Amino acid sequence: MENIKIIDSVLEDESKATIDNLFDEPDKFAFKPSYMNGMYFDEIYHARTAFEHIHRMSPYEITHPPLGKIFIALGILVFGMVPFGWRIVGTLFGVAMVPAMYIFGKKVFKGRFYAFCTAFLMMFDFMHFSQTRIATIDSYVTLFVIFMYYYMYDYFINKSYNTTLKESLKPLFLSGLFFGLGAASKWIAIYGAAGLALLFFINKATEFVEYNKLTTANTKKKPLWISDYPSNLAITLGACVLFFVVIPLVIYIMSYIPYMMVPGENNGISIFYENSKYMLNYHSGLEAEHPYQSAWWEWPIIAKPMAFYFGSNLAPGMTSKIFTMGNPAVWWVGLLALAIVTIWALSKLNKNLVVLFALGAVTFGYIALPKNFFTTLFNSGSAELWWAVIFFGIIAIMLALSRLDTNILITSIASSAAFGTILYLFKDVERGNEYLKSDSTQAIIWACLFICISLLFIGMYKYDKKMLVPLAGLIFQYVPWIAVPRIAFIYHYFSIVPFLILIIVYVIKKAADKYSGMKYFACIYLGIVLALFILFYPGLSGLEVPTSYMKYLKWFDSWYF
């Protein structure tokens, strides 16, 4: 710098023509750009839009509701337009998920150990770590989804007549409030509305049956709550309209205030409707491809992790990457736990209904999943052969358990004929987008789902009513993705993970209640979860490591570490 000579200048004061004055704030220049000093992945949309909201500029990212970007803007207002500023609020929401899961686990399982397990699994799930460190909107909506089901659980497991009307409405108000905040952050919270409604009406139906029994019973002495129940029920239904429709709508509209404050655009209150219509058209009509896109059925098995960041200008032989994916010890074990819970629920049903469930589930798998789902995995056979083996294997088990009961035998024969017909009709049908969109395919898919979900809920209600809440959260946050026509990515599974964790801990608790030493195995399991988190930490955090290390993390060809 000292030997550099200024040849010419156009300054009035030649004394200022120094090399130091030639460059502006050189200490702030990023000579080695990275995620530490710049944006990566969708931060270029969300963080930029947050900045635009602050400065009353026309927003760039308009394919999601504004509230998530407003939260990002809060961090920027405090810490400036720097990576820490646009990431800090989302990270704090991620931190809040851990105690949120702790109190959820404690409420469901009534014990600190199981609450700790619930929080621990959330803390060391890979996706929780990677999604809450980036300035996107998934952290916000996922926390709100947790809380909206947490408070609905409060209402669901209690009888409203065992407390005052005012006290019974509090969890409904809070559930609706978090539903509104979630919907104003990202539309996936709206998926949960069906689950919340189902849980509410199951609760009310149960109470009404009890009320009806008591009112028609031939007894002189009746509970005091009987006389007030009809009016309280009417008030509660009216309150739900306020809590789950009016208040969420107000929150949603208010989240558009930054749009209305842009000078010169004359955006009135109708901007929320216009933008919502645009979002619906955008997401339903999006036709695009992406190297990291994945289908809904690939997410639970972690078929294709999502790359967020690839470091550049690194030393030879060094690598820096950020991926989002699930912790195999959480997601894969979660699938096993879900299967176990399903078996427990079905054990409470008539065996004829279990056969019907098997028919619906296997038919759904054959119709909705790619034909090479099993053939690629096992490198042999055909789709029809593998699905037939699964179905007839289940039928054989059911017949054996029923000791060839005549009714089960008749149901099995009828179901086998139906499944055989499905295999015959769809054997030579070419699978593709048009196939999945066809009316006949969609009719079969949703009929099968309706049958399976209904039977699963009935069985779980009989087995353990309280587990309907995490089951509803999982199903209603996940199943709608089957109908979403646009490309999707593994991070869309994030809002489902909390409920998968609750199901895992439920299985752990049931095992520990039966076997005294199971808590020690649970601790070993938690240790495996932590060990995998440490092992994969470089691939989740962007830590610079030798390229050879990343190769050890590539367990499958589709894991692009």
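Given the structure is predicted, the values throughout are model-derived calculations rather than measurements.

## Section: the overall build of the protein
Helix and strand counts for the protein come out as 23 helices and four strands. Considered along the principal axes of its C-alpha atoms, the protein spans approximately 105 × 65 × 50 Å. Buried residues in the protein amount to 50% of all 561 residues. Put simply, the protein shows about 27,500 Å² of open surface, and 65% of that area lies on carbon and sulfur atoms. Computed over 42 positive and 35 negative side-chain charges, the separation of the two mean positions in the protein equals 18 Å.

## Things to note about the pattern of salt bridges
By the definition in use, this model includes 13 salt bridges. Across the pair Glu384 and Lys371 runs a salt bridge, and its minimum N-O distance is 3.0 Å. Of this pair, Glu384 sits in helix H16 (residues 383-401) while Lys371 sits in the loop between helix H14 (351-368) and helix H15 (373-378), and the two are 13 residues apart along the sequence. Lys427 is paired through a salt bridge with Asp428; the nearest N and O atoms lie 3.8 Å apart. Given a relative accessible area of 68%, Asp428 falls into the exposed group.

## Regarding the layout of surface pockets
Approximately 1,400 Å³ is the volume attributed to the largest pocket. For the largest pocket, the lining is made up of 41 residues, of which Leu338, Ala339, Thr342, Phe357 and Ala361 are closest to its centre. Breaking the lining of the largest pocket down by element, the ones donating at least two residues are helix H13 (328-346), H14, H15, H16, helix H19 (439-463) and helix H20 (468-478). At eight residues, the largest contribution of residues to the lining of the largest pocket is made by H14. Residue classes in the lining of the largest pocket are distributed as 37 nonpolar, three polar and one charged. Considered as a void within the structure, the second largest pocket measures approximately 1,000 Å³ in volume. Along the wall of the second largest pocket there are 34 residues; nearest its centre are Asn433, Leu436, Val484, Pro485 and Arg486. Broken down by secondary-structure element, the contributors of at least two residues to the lining of the second largest pocket are helix H12 (271-285), H14, helix H18 (433-437) and H19. It is H18 that provides the largest number of residues to the lining of the second largest pocket, a total of five residues.

## Describing the side chain of Ser541
Examined against the element boundaries, Ser541 turns out to sit in helix H22 (residues 518-541). Taking the relative accessible area as the measure of exposure, Ser541 reaches 3% and is therefore buried. At 3.3 Å, the side chain of Ser541 and the backbone nitrogen of Leu543 are in polar contact. Setting aside anything within four residues of it in sequence, one finds Ser541 in contact with Tyr35, Phe129, Arg133, Lys321 and Ile322.

## Side note on the packing of aromatic side chains
Enumeration according to the criterion identifies 71 aromatic pairs in this entry. Each ring, one from Tyr211 and one from Trp225, has its centre 6.5 Å from the other, and the planes form 45 degrees; the classification is tilted. Taken together, the residues Tyr211 in helix H9 (residues 188-216) and Trp225 in helix H10 (residues 225-254) connect sequence positions 14 residues apart. Classification of Tyr211 as buried rests on a relative accessible area of 15%. Here the aromatic rings of Trp296 and Tyr478 are separated by 6.2 Å at their centres, their planes lie at 65 degrees, and the arrangement is edge-to-face. Here Trp296, found in the loop between H12 and strand E1 (306-310), pairs with Tyr478, found in helix H20; they are 182 residues apart in sequence, far enough to count as distant. Of the two residues, Trp296 and Tyr478, neither departs from the other in class, the shared state being buried.

About the criteria used
- Residues numbered from 1 in each chain as written.
- Predicted model: local features only at pLDDT ≥ 70, side-chain atom pairs only at ≥ 80, totals over all residues.
- Heavy atoms only, no water.
- Helix = DSSP H or I, 4+ residues; strand = E, 2+ residues; numbered from the N terminus.
- Buried < 20%, exposed > 50% of the residue type's maximum accessible area, 1.4 Å probe, protein only.
- Areas by Shrake-Rupley, 256 points an atom, 1.4 Å probe, with all protein chains shown as cover.
- Lys, Arg positive; Asp, Glu negative; His and termini not counted.
- Charge placed at Lys NZ, Arg CZ, Asp CG, Glu CD.
- Salt bridge = Lys/Arg side-chain N within 4 Å of Asp/Glu carboxyl O.
- 1 Å grid on protein atoms, 1.4 Å probe; cavity = no way out; pocket = protein on both sides within 12 Å on 5 of 7 lines; lining within 4 Å.
- Points joined across faces, edges and corners; volume = space filled by probe spheres on them.
- Nonpolar A, V, L, I, M, F, W, Y, C, P; charged D, E, K, R; others polar.
- Polar contact = N/O pair within 3.5 Å; in protein donor to acceptor, adjacent residues only side chain to side chain.
- Contact = heavy atoms within 4.5 Å.
- Phe/Tyr/Trp six-rings, centres within 6.5 Å; stacked < 30°, edge-to-face > 60°.

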